[in-house]
Amino acid sequence: GATFTSNGILEAAKLALTAAGVNPEDYMTKAETVKAEDAVLEADIVIVGAGGAGLAAATAATQNGASVVVIEKMGTVGGNSIICGGIYNSPNANLQASVEMSDSVKSLVETALAEAPVSDEHAELQAAVKADYEAWQAAGAKGLFDSANWYALQTWNGGDKVGRLPLVKVLANNAYPGLEWLQELGMKFSDKIGQGAGSLYQRTHSSLDSMGTGYINVFMNTVGAENVLLNTKGESLIQDETGRVVGVKATKFDGTEVTAKAAKGVILCTASIDQNKEMAKRLAPQQYYDLCNSVVLSVGTDTGDGIRMGLKLGAAF
């Protein structure tokens, strides 16, 4: 949408200049930029990427008393998180109490529990969900059954059982505390729970703000715009003599070099490779197929910068 709008404005300007009797080409020279002095910045934490992940990390660091510098390649904050649907999935007993536990939903749970486990981890999680479900039944609870364990099992099953289950559990177990944290920051959600696009269950909380703007606004209120460098691309990671990562080399849009030194650590939040087919073809064939055969709804800066920087130091892909 933004691309078509931009192209429309450019075309309209050309037509207007032509109608005024002047040559549009005379007005299409690239603006000159003046390179500023190279900069050295220092903070406890340096974060690369000012999307939802980067700003959430910066917010948590700031709340815990750390100083932060956030580097962002785009001219605005938000990344994919500001253009998303604004939904957040988490079990929520209070809101789910008003949702019907239909026979089809009961069957969904019971089928997952009856499935032959493919590993000890799977069997352990099934047993935990079974215990949650039986406790819910014994309590005569009203509304929709849910738990962090059931959220984890559904998520893992939905990923064809190839995900790293300990990490899936981190997501599921921290979903509700994360929701409470967002609300403490000032994030506003609807008081009705639903099932958002791509979600597997009625545990979707919908933002009252347009798309993902609510998340980004509450994060920026804590982080502060003065701690975010826009139009600044992370180029490489800096290591000390022991190999520890202690900073980031970056370049601003005008060619200015920025060295951001981190006393306590660097966090890479640079999204994926949705806009880098060459990298996908080499590293993730299934993603390459998807990129070639479906509509990609992500910002144009998702070119794998953080992955590239990590791989250069020998990080696992």
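Look a little higher up for the structure.
Source: prediction; values computed, not measured. (Residues numbered from 1 in each chain as written. Predicted model: local features only at pLDDT ≥ 70, side-chain atom pairs only at ≥ 80, totals over all residues. Heavy atoms only, no water.)

### Topic: the packing of helix α4 (residues 103-114) against helix α5 (residues 120-138)
- One can describe the packing of α4 onto α5 by two numbers: an axis separation of 10 Å at closest approach and a directional angle of 145°. When you trace α4 past α5, the crossing you get is left-handed. Across from Lys106, Val109, Glu110, Ala112 and Leu113 in α4, the residues of α5 making contact are Gln126, Val129, Lys130 and Tyr133.
- Class assignment of the residues belonging to the contact of α4 with α5 gives a composition of five nonpolar, one polar and three charged. (Axes fitted to C-alpha atoms, helices over the stretch in contact; angles between N-to-C directions. Helix = DSSP H or I, 4+ residues; strand = E, 2+ residues; numbered from the N terminus. Left-handed = near helix turned anticlockwise from the far one by under 90°. Contact = heavy atoms within 4.5 Å. Nonpolar A, V, L, I, M, F, W, Y, C, P; charged D, E, K, R; others polar.)

### Notes on the packing of aromatic side chains
- One pass over the structure, following the stated rule, counts seven aromatic pairs.
- Geometrically, the ring pair formed by Trp181 and Phe219 is tilted, given 5.8 Å between the ring centres and 35° between the ring planes. One end of the pair, Trp181, is in helix α7 (residues 165-185); the other, Phe219, is in helix α8 (residues 213-223), and 38 residues separate them in sequence. (Phe/Tyr/Trp six-rings, centres within 6.5 Å; stacked < 30°, edge-to-face > 60°.)

### What about the pairing of strand β1 (residues 39-48)?
- Where β1 meets strand β8 (residues 257-268), nine bridges bridge the pair, whose relative direction is parallel. Pairing of Ala39 across the sheet is with Val258, part of β8.
- The pairing of β1 with strand β2 (residues 68-71) spans four bridges and is classified as parallel. Paired with Ile47 across the bridge in β2 is Val70. (Pairing = 2+ DSSP bridges.)

### Section: α7
- The end-to-end C-alpha separation of α7 is 29 Å, in line with the 30 Å expected for 21 residues at 1.5 Å each.
- Bending of α7 peaks at approximately 45° at the position of Ala175, with proline Pro177 no more than four residues after it.
- Looking only at α7, the buried set comprises Leu165, Val168, Ala172, Ala175, Gly178, Leu179, Leu182 and Leu185.
- Each element contacted by the buried residues of α7 is listed here: α2 (52-63), β3 (87-89), α5, α6 (148-158), β4 (204-206) and α8.
- Where α7 terminates, the next one or two residues include Gly186, which has phi positive at roughly 115°. (Expected span 1.5 Å × (residues − 1). Bend = angle between axes of the 7 residues up to and from the residue. Buried < 20%, exposed > 50% of the residue type's maximum accessible area, 1.4 Å probe, protein only.)

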